[in-house]
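Below are the chains, spelled out letter by letter.
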Amino acid sequence: MAITYNNLYLDIRQQFLRAGLPDPTLESRELVCCASGKSREELSRDGRLYVPDSVEQQVRRLAQRHLDGEPVAYLIGEWEFYGLPLDISESVLIPRPDTEVLVDRALACIKTLDEPRVLDLCAGSGCIGLAIAKNAPGCHTVLGELDEGALRVCRQNIRRNDLTGRVVSLQLDAREKPPAHLGEFDCIVSNPPYIPDGDIAGLDVSVRDYEPHLALKGGADGLDFYRDITRLWTAALRVGGRLLFEVGIGQADQVLRIMRSVGFGDLEITPDLNGIPRVVEGVLHKEL
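Conventions adopted
- Residues numbered from 1 in each chain as written.
- Predicted model: local features only at pLDDT ≥ 70, side-chain atom pairs only at ≥ 80, totals over all residues.
- Heavy atoms only, no water.
- Helix = DSSP H or I, 4+ residues; strand = E, 2+ residues; numbered from the N terminus.
- Rg over C-alpha atoms; globule rule 2.2 N^0.38 Å.
- Buried < 20%, exposed > 50% of the residue type's maximum accessible area, 1.4 Å probe, protein only.
- Contact = heavy atoms within 4.5 Å.
- Salt bridge = Lys/Arg side-chain N within 4 Å of Asp/Glu carboxyl O.
- Pairing = 2+ DSSP bridges.
- Expected span 1.5 Å × (residues − 1).
- Arc of directions from axis to C-beta.

Participant: Looking at this structure, how should I read the overall build of the chain?
Facilitator: The secondary structure content of the chain amounts to 11 helices and nine strands. Against the globule reference of 19 Å for 288 residues, the chain gives a C-alpha radius of gyration of 21 Å, in line with a compact fold. With respect to the three principal axes, the spread of C-alpha positions in the chain is 70 × 40 × 35 Å. Within the chain, the proportion of its 288 residues that are buried is 52%. Residue pairs at least 24 apart in sequence account for 66% of intrachain contacts in the chain once pairs closer than 6 positions are excluded.

The structure is reproduced here in structure tokens:
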């Protein structure tokens, strides 16, 4: 039986609601838009039109894959972060709203600087560095990432957001010393892998079975990257520059102590919108 776009969307939304999925309205709309090739505005405009059988079948296939655990962002190949449209693949983590507070804090740090240099280390999709660059027109940003697949996504997102002139992507290993030619930055931001290795098996299926483990595993206690970045990458941070980390639940105090132990000062912890301590930052007062 023929079905309208609006009724198909409502049908899928109801399935997601019954399954207890966290954002059934957004996810059902995105799947119908993807399968039909329509924008959100076009979907709203065409809500009373009938859906071709092939499109309905594709929507229902995508919906079932999502019900089986596959994230919508990977199904449609894109996601939005800080107002920016981003290409997404299974080589990168899906950007999350919790991370936007890291962008907020970085923008507050560089707002008074003239043409600041920013490094987004462990960049993944590039979402953090790109959001900073888009909202701080004078800044120049490097997206540093080790994985080749993630670097491809970074390059796509630089072009997609018209930031080719001010953002570059480089293959950088966060657990090795920065190359000398990189120079110094006014601000280094990082959302590194921070899940303890032993916790990976217990993660939600949508994360455990689909998101890249390379971007999740942070060592036995989840803090390996914080130790290495704090110890090694101060060489790429100017005196007076700021290092900002996203941290996992329960890690803020430990990361603060790691930063303090090597001489960072003016340390701050900022919660996310749910009140969870999410960003730890500090100022480099002298060369370490």
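The structure having been displayed, the exposition proceeds.
Participant: Mind showing me how you'd approach helix α7 (residues 127-135) here?
Facilitator: One turn of the α-helix equals 3.6 residues, which is why residues spaced by three or four share an orientation. A large share of α7 lies buried, amounting to seven of its nine residues. Cys127, Ile128, Gly129, Leu130, Ala131, Ile132 and Ala133 are the residues of α7 that are buried.

Participant: Explain unusual backbone geometry here, please?
Facilitator: What you tend to see is this: most non-glycine residues have negative phi, and most peptide bonds are trans. With phi around 55°, Tyr82 is a residue other than glycine that occupies positive phi space. Along the chain, the position of Tyr82 falls in the loop between β1 (78-81) and β2 (84-87). The backbone phi angle of Asp162 is positive, close to 55°, even though this residue is not glycine. Position of Asp162 relative to the elements: it lies in the loop between α8 (148-160) and β5 (167-171). By relative accessible area, which is 67% here, Asp162 ends up exposed.

Participant: Mind showing me how you'd approach the pattern of salt bridges here?
Facilitator: If charged atoms from side chains of opposite charge come close, those side chains can pair. The final tally for this structure, using the stated rule, is 23 salt bridges. A salt bridge links Arg160 to Asp87, with the shortest nitrogen-to-oxygen separation between them at 2.5 Å. Note that Arg160 is positioned in helix α8 and Asp87 in strand β2, a separation of 73 residues in sequence. Judged by its relative accessible area of 33%, Arg160 falls in the partly exposed class.

Participant: Help me out: how do you make sense of the pairing of strand β7 (residues 237-246) in this one?
Facilitator: Both faces of the sheet carry side chains from a regular strand, because those side chains alternate between them. Of all 10 residues that make up β7, seven are buried, and the element is covered over most of its length. Of the pairings in the sheet, the one linking strand β6 (residues 185-190) to β7 comprises five bridges and is parallel in character. Its bridge partner being in β7, Val189 is matched across the sheet by Leu244. By the bridge criterion, five bridges tie β7 to strand β9 (residues 277-284) in an arrangement that is antiparallel. Note on β9: the bridge partner recorded for Leu243 is Gly282.

Participant: What is the right way to read helix α1 (residues 5-18) from this model?
Facilitator: When the terminal C-alpha atoms of α1 are compared, their 20 Å separation across 14 residues agrees well with the 20 Å that a helix rising 1.5 Å per residue should span. Along α1, the positions that sit buried rather than exposed are Tyr5, Leu8, Tyr9, Ile12, Gln15 and Phe16. Looking straight down α1, one finds its buried side chains confined to an arc of 125°; they lie on one side. Where α1 is buried, its residues touch α2 (24-36), α3 (40-45) and α4 (53-67). One or two residues past the end of α1 sits Gly20, with phi positive at roughly 75°.

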